[in-house]
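Coordinate analysis (summary)
In case you want the letters, here they are:
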Amino acid sequence: MRKHGIKCRIRIMEHSLDMLPHDEIAVLFGNLFDNAIEASKNSDKKIIKLDVCLQDSYISVFIKNSIDASVLETNEELNTTKSDKSFHGFGIKNIKRIMDKYNGLIRFDEENGYFICDILIPVHFI
């Protein structure tokens, strides 16, 4: 992020991720940040914000990154735009795999120059 001049604000509530296996935390956040960095490095604002907390009986993961143009308008399925598809395009699939495993919810949206990924994972499924 420093290399690309991206500002990042991270807020993680203590113990909010204690219930998730470490390998799934790595897959989830590795892919979320890879996608956010890739998109925000090409934007004017260059900002990523992450909030992780417990909300009622859910782990809430909310990440947003700056964008200059809509992503969903031209790529609603969020397919990789990289030329070598055999080595790219697995990030969203891996995130969705984790959501399916725990009966979680994932929503993608855009608002005020930001791409947003909003995740809720019910703790009773973990």
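A short tour of the structure in this document, coming up. (Residues numbered from 1 in each chain as written. Predicted model: local features only at pLDDT ≥ 70, side-chain atom pairs only at ≥ 80, totals over all residues. Heavy atoms only, no water.)

**Section: the pairing of strand S3 (residues 58–66)**
- Here eight bridges tie strand S2 (residues 47–55) to S3, and the two strands are oriented antiparallel to one another. Bridge pairing in S3 links Ile48 to Asn65.
- Direction of pairing for S3 relative to strand S5 (residues 114–122): antiparallel, over a ladder of nine bridges. Directly across from Ile63, in S5, lies its bridge partner Cys117. (Pairing = 2+ DSSP bridges. Helix = DSSP H or I, 4+ residues; strand = E, 2+ residues; numbered from the N terminus.)

**Brief notes about the packing of aromatic side chains**
- Taken as a whole and assessed by the stated rule, the structure comprises one aromatic pair.
- Stacked on the ring of Tyr114, the Lys or Arg Lys64 has its end atom at 4.6 Å from the ring centre. (Phe/Tyr/Trp six-rings, centres within 6.5 Å; stacked < 30°, edge-to-face > 60°. Lys NZ or Arg CZ within 6 Å of the ring centre and 35° of its normal.)

**Some thoughts on helix H2 (residues 91–101)**
- Buried residues of H2: Gly91, Ile92, Ile95, Ile98 and Met99, and no others. Down the axis, H2 shows its buried residues gathered within 125° of arc, on one side only. Exposed side of H2, more than 90 degrees from the buried face: Lys93 and Asp100 are the residues found there.
- At the C-terminal side of H2, Asn103 shows a positive phi close to 60°. (Buried < 20%, exposed > 50% of the residue type's maximum accessible area, 1.4 Å probe, protein only. Arc of directions from axis to C-beta.)

**Points about the nonpolar core**
- The biggest cluster of nonpolar side chains holds 22 residues, and the ones touching the most others in it are Leu28, Phe29, Leu32, Val61, Ile63 and Ile119.
- Counting residues per element, the ones that place at least two in this core are helix H1 (22–40), S2, S3, H2 and S5.
- The element that contributes the greatest number of residues to this core is H1, accounting for six residues.
- Aside from chain neighbours lying at most four places away, what touches Ile63 is Leu32, Phe33, Ala36, Ile48, Lys49, Leu50, Phe115, Ile116 and Cys117. (Core = buried A, V, L, I, M, F, W, Y, C linked by side-chain atoms within 4.5 Å. Contact = heavy atoms within 4.5 Å.)

**Here's the deal with the sheet that holds strand S4 (residues 105–111)**
- Taken together, five strands build an open sheet; the order of strands is S1-S2-S3-S5-S4 and the sheet is mixed. What marks the edges here is a single partner per strand, and that holds for strand S1 (7–12) and S4. Ignoring which end each strand starts from, the neighbouring axes of this sheet average 10° apart.
- Bridge count for S4 against S5 is seven bridges, and the pairing is antiparallel. Residue pairing across strands places Leu105 opposite Leu120, the latter belonging to S5.
- Strand contacts of H1: S1, S2, S3 and S5, with the helix running at about 20° to S3, the strand carrying the most contacts. (Axes fitted to C-alpha atoms, helices over the stretch in contact; angles between N-to-C directions.)

These values are about where atoms sit, not about what they do.
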